[in-house]
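These are the residues of each chain, in order.
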Amino acid sequence: MKLARFRVGHGQVRLGRVEIADPQTLNGVVVDLSAVPGLDASMKRVIADFAELRDVIAATDGERFPLAEVTLEAPIDDPQKYLAIGMNYKEHADEARAAGIPTPTNQLWFNKQVSCINAPYGDIEKPAVSDALDYEIELAVVIGARCRNVSREDAYSVIAGYMVANDVSVRDWLQKRSPTFTLGKSFDTHGPIGPWLTTADEVADPQDLRMTLAVNGEVRQDWRTDDMIYDITAQIAELTTVMTLEPGDIIATGTPAGIGAPTGNFLKVGDVVRGEIEGLGVIENRVVAAPDA
Ligand code: MN
């Protein structure tokens, strides 16, 4: 199932079930789930109760809207956590090392503040304080159950589904300003996700998906998720050694090679960044000047 949060005109955000004819495009419809008793527009709560809600969500026949005529919102706008792993593809670790970032010998985790979350077609703001705005296509894992100390063997049982994410990064606000990544990864609008939540049962093998990112139609990243250094199960095991994960928590699993930093080919106002992962859909974001620029 594909679950979206969407708006018709300037109306309230609604929850919908997406039915698409062509996975490459927005050629499809979203079915309004307002008729489902007790359902609100918080995907986090839907995920928490999904075992009970699943059948009625699948069977509900509400008002149908062409996808092209609605505004898609972030599938999850209120997670408790948005965690991301750095340098998790070998070729990307090599390009990062060439740019002066040492390759870690263990899983390297950082937070994107949840306030950076953006809609799948929302504008990315280029801050006035930097000209080093960069993109990172990533497979995002969404947690489906409250969990702690999850073994690698059990890791898939705590996953609700998957999304496309762009881990937008302000390179000169990363390591150069502070040993943590928090600021450079957390500018407002720098967390586009979506275009919807694809539930785990629809993804046969999340470790074998093609992921591509193009800027103004030029492909910059084109890789497969089978090339992660630490796979999804290792990531969930590591995180839950430390902390309790909650339904709706988002994990960005790393970006492959092809970011702008090594060549200085950073994003500019007016650029259009399109990220796609096989079977999960497309997110596309235009770069605009931040309002204070
Ligand atoms: Mn990243």
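Conventions adopted
- Residues numbered from 1 in each chain as written.
- Predicted model: local features only at pLDDT ≥ 70, side-chain atom pairs only at ≥ 80, totals over all residues.
- Heavy atoms only, no water.
- Domains from an automatic or database assignment.
- Contact = heavy atoms within 4.5 Å.
- Buried area = accessible area lost by both parts, 1.4 Å probe.
- Salt bridge = Lys/Arg side-chain N within 4 Å of Asp/Glu carboxyl O.
- Polar contact = N/O pair within 3.5 Å; in protein donor to acceptor, adjacent residues only side chain to side chain.
- Helix = DSSP H or I, 4+ residues; strand = E, 2+ residues; numbered from the N terminus.
- Donors = N, O, S within 2.8 Å, 3.2 Å for Na, K, Ca; no water.
- Buried < 20%, exposed > 50% of the residue type's maximum accessible area, 1.4 Å probe, protein only.
- Pairing = 2+ DSSP bridges.

Engineer: Explain the domain arrangement of the chain to me, please; I cannot follow it from the model alone.
Structural biologist: A common way to express how large an interface is: the accessible area buried when the components associate. Taken domain by domain, the chain holds domain 1 (2-73) and domain 2 (82-289). Inter-centroid distance (C-alpha atoms) of domain 1 to domain 2 is 24 Å. Listed by partner, the interface residues are 17 residues for domain 1 and 21 residues for domain 2. For the pair domain 1 and domain 2, the two sides together bury roughly 1,400 Å², of which 62% comes from carbon and sulfur. Area buried by domain 1 at its contact with domain 2 is led by Lys2, Ile47 and Leu72, which between them contribute 40% of it. In this structure, the connection of domain 1 to domain 2 is made through two salt bridges. The closest approach of N and O atoms between glutamate 202 and lysine 2, which form a salt bridge, is 2.7 Å. Remark: the boundary between domain 1 and domain 2 carries three residue pairs in polar contact (both at pLDDT 80 or more). Looking at the side of domain 1 that touches domain 2, the elements that each hand over two or more residues are strand E1 (2-7), strand E2 (14-20), helix H1 (43-48), helix H2 (50-59) and strand E5 (71-73). Per-element accounting of the side of domain 1 that touches domain 2 gives the leading share, four residues, to H1.

Engineer: Looking at this structure, I do not really get the coordination of the manganese ion. What am I missing?
Structural biologist: Six octahedral donors at a metal ideally form angles of 90 or 180 degrees, and four tetrahedral donors ideally form angles of 109.5 degrees. Looking at the manganese ion, the protein donor atoms are Glu136 (OE), Glu138 (OE) and Asp167 (OD), and they sit 2.0 to 2.1 Å from it. Read in sequence order, the donor residues for the manganese ion give the motif E-x1-E-x28-D. Here aspartate 167 lies in the loop between strand E12 (159-166) and strand E13 (169-170) and glutamate 136 lies in the loop between strand E10 (133-134) and strand E11 (137-143), a separation of 31 residues in the sequence. For the pair formed by glutamate 136 and aspartate 167, the shared burial category is buried.

Engineer: Just checking my understanding: could you explain the pairing of strand E16 (residues 218-224) for this structure?
Structural biologist: Taken residue by residue, a regular strand's side chains alternate between the two faces of the sheet. The sheet contact formed by strand E15 (residues 210-215) and E16 spans six bridges and is antiparallel. Considered in E16, the bridge of valine 215 is made with glutamate 218. Hairpin geometry of E15 and E16 is characterised by an intervening segment of two residues between the two adjacent antiparallel strands and by a positive phi of about 50° at asparagine 216.

Engineer: Which parts of the structure should I look at to understand unusual backbone geometry?
Structural biologist: With the exception of glycine, the majority of residues adopt a negative phi angle, and the majority of peptide bonds are in the trans configuration. The omega torsion of the bond from glycine 194 to proline 195 falls at 0°, within 30 degrees of zero and hence cis. Mapped onto the elements, proline 195 comes out in strand E14 (residues 191-199). Even without being a glycine, asparagine 149 presents a positive backbone phi close to 50°. Look at asparagine 216: it is not a glycine, yet its phi comes out positive at around 50°. You can see asparagine 216 is positioned in the loop between E15 and E16.

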